[in-house]
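Observations on the three-dimensional arrangement
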Amino acid sequence: MFPTSQQTIGPFFPAEFFGPADHDLTRVSAEAAPTRRGEAILLRGRVTRQGGLPCVNAVLELWQADAAGRFAGDADADPDFLFWGRARTDGDGRYAFRTVLPGRFADQLGPRASHANVTLLGSGLMRRVLTTLFFPRAAEELAADPVLALVPSGRRPLLLADPAGEEDGLRVFRFDIRLRGTDETPFFAV
Amino acid sequence: MTALPEGIEPEVPVPGYPNTWTHTPAQPLLPRPAGRTEMAGPVRLHRKLVPGAVNLAEATPGRPAIGQLMQIGGRILDEAGRPVAGAVVELWQANAAGRYAHANDGSAAPLDPNFTGHGRALTDEDGRYAFTTIKPGAYAVPVQETWWRPPHLHFSVHGPSCLSRLVTQMYFPGEPLNALDRILNAIPDGAARSRMIARFLPPPSVGDFFLGFTHDIVLRGRHATPEA
Ligand SMILES: [Fe+2]
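These numbers were taken from a predicted model, which means no experiment stands behind them.

A word on the sheet that holds strand β3 (residues 118-122) of chain B
Strand pairing in a sheet is mediated by backbone hydrogen bonds. Such pairs are either parallel or antiparallel. Residue and element names in this part refer to chain B. Read across the open sheet, the four strands follow the order β3-β2-β7-β8; overall the sheet is antiparallel. What marks the edges here is a single partner per strand, and that holds for β3 and β8 (166-171). Strand-to-strand twist in this sheet, taken as the mean axis angle between neighbours without regard to direction, amounts to 20°. Here strand β2 (residues 88-92) runs beside strand β7 (residues 152-158); their pairing, made up of five bridges, is antiparallel. Looking at β7, one finds that V88 is bridged to H158.

What follows is the structure in structure tokens.
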């Protein structure tokens, strides 16, 4: 069967769909205690569109491995980690997630550096866009990542999250997404 | 991942919808093979996205929303036609007057206090979802050259992997605005467009209180690892 066509999420995705812990991957439900495995971190950034203007009311979905580099369904995956979170941008285009620093792993593509994946949905985006951000770790770990290697070398720095201090005892990383224009974020087809 | 046939996904820019240009990447998308991270997804996402609000048309018990009450349901399937159980299905829509209960809707059309405008369901073992709602009204898009959206439902579906994530819209059969809608017609392939249109159910099969429509949604991700 052919997959159903995508359509834009439009400007009216209900605010009621965002629960208080949806942006927090370290909890499997709003009531659950956060996972105790790994290093909890904050991931923040700003989404902009053509002209550097803020992209307001956009929906971001983040998914990644757990702190040990395992995924949901693996026998030894962290049962207290959800692997997925959702956030929306504010009037200035800013978003925030709480998660754990993802572990590295190897798969059929090769050794994967510490990374997280983003789906971005917004009014005017007729299809979702996908990107992958990389946490700043050893240069050789990044150099060996087979997905980062698909990005033209001059654009690879655009996929690196930057350390941005600490808050409440947690390390903060910043990852900005530029949908179109100068320093446009590299996006992937899948 | 195998590439989709041409014409299924919408083309941009959409005339009269300037955001489709300002928000869409100018650089070509980078092809990448799917590894573990692309195939991964949450397990039992309904713990976080809690389903249950499947009746949009009775925000106040005993006081139905204004409009033509209807039941909409169908199946969530994968590309092989197999039912997707445990999918979270989110629905949102305008009320009978074509107004969303959303801060960004500046339309002068009235709100309906008895209509919530949004709901969330979890598919059963057969991949089925069902909502009770009202048929939405059409609304004008407030851009320079105004155009009208036909009655439509917005769907957001979470399948077992992030590859199978889908946001789409559903349309109603026989609506004259369908042929003029710039968002529906951004999909080049006519057969793909016709798959976006729900099927009307004969009234005797639904009963005396509701209109009935059925609509199946097919998710990508044939090669995704099944949920544990
Ligand atoms: Fe709409």
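Now, onward.
So, the UniProt feature "domain: Intradiol ring-cleavage dioxygenases" (unreviewed entry) in chain B
Within the UniProt annotation, "domain: Intradiol ring-cleavage dioxygenases" (unreviewed entry) is assigned to residues 72-100 of chain B. With 0% helix and 38% strand, residues 72-100 of chain B has its two end C-alpha atoms placed 19 Å apart.

Digging into the interface of chain B and chain A
Each side of the interface is counted separately: chain B has 77 residues, and chain A has 68 residues. Buried area between chain B and chain A, both sides added, is near 6,600 Å², and the carbon and sulfur share of it is 60%. On the chain B side of the interface with chain A, the three residues burying the most area are L30, R32 and K48 of chain B, jointly 13% of the side's total. Put simply, E90 of chain B and R86 of chain A hold a salt bridge, and the shortest N to O gap is 2.7 Å. Listing elements by their share of the side of chain B that touches chain A, those giving two or more residues are α1 (19-22), α2 (36-39), β2, β3, β7, β8 and β11 (217-218) of chain B. At five residues, β8 of chain B tops the list of elements feeding residues into the side of chain B that touches chain A. Looking at the side of chain B that touches chain A residue by residue, the classes come out as 42 nonpolar, 19 polar and 16 charged.

Points about the sheet that holds strand β3 (residues 84-88) of chain A
Residue and element names in this part refer to chain A. The four strands are arranged β3-β2-β7-β8 in an open sheet whose pairing can be described as antiparallel. Edge positions in the sheet fall to β3 and β8 (129-134), since each has one partner strand and no second. Put simply, the sheet's adjacent strands are angled 25° from each other on average, direction ignored. In this structure, strand β2 (residues 59-64) lies alongside strand β7 (residues 115-121), joined through six bridges in antiparallel fashion.

Some remarks on the pattern of salt bridges
For the coordinates displayed, the defined rule picks out 22 salt bridges over all chains. Note that R94 of chain A is salt-bridged to D92 of chain A, the shortest N-O span being 2.8 Å. Note that R137 of chain A and E141 of chain A form a salt bridge whose closest N and O atoms lie 3.5 Å from each other. On the basis of relative accessible area, E141 of chain A is assigned to the buried category, the value being 7%. Here the salt bridges do not stand alone but share partners, grouping E61 and R86 of chain A together with E90, R120 and R165 of chain B into one network.

Each value, and the rule that gives it
- Residues numbered from 1 in each chain as written.
- Chains lettered and ligands numbered in written order.
- Predicted model: local features only at pLDDT ≥ 70, side-chain atom pairs only at ≥ 80, totals over all residues.
- Heavy atoms only, no water.
- Pairing = 2+ DSSP bridges.
- Helix = DSSP H or I, 4+ residues; strand = E, 2+ residues; numbered from the N terminus.
- Axes fitted to C-alpha atoms, helices over the stretch in contact; angles between N-to-C directions.
- UniProt positions renumbered as here; feature names shortened; annotations may be inferred.
- Contact = heavy atoms within 4.5 Å.
- Buried area = accessible area lost by both parts, 1.4 Å probe.
- Salt bridge = Lys/Arg side-chain N within 4 Å of Asp/Glu carboxyl O.
- Nonpolar A, V, L, I, M, F, W, Y, C, P; charged D, E, K, R; others polar.
- Buried < 20%, exposed > 50% of the residue type's maximum accessible area, 1.4 Å probe, protein only.

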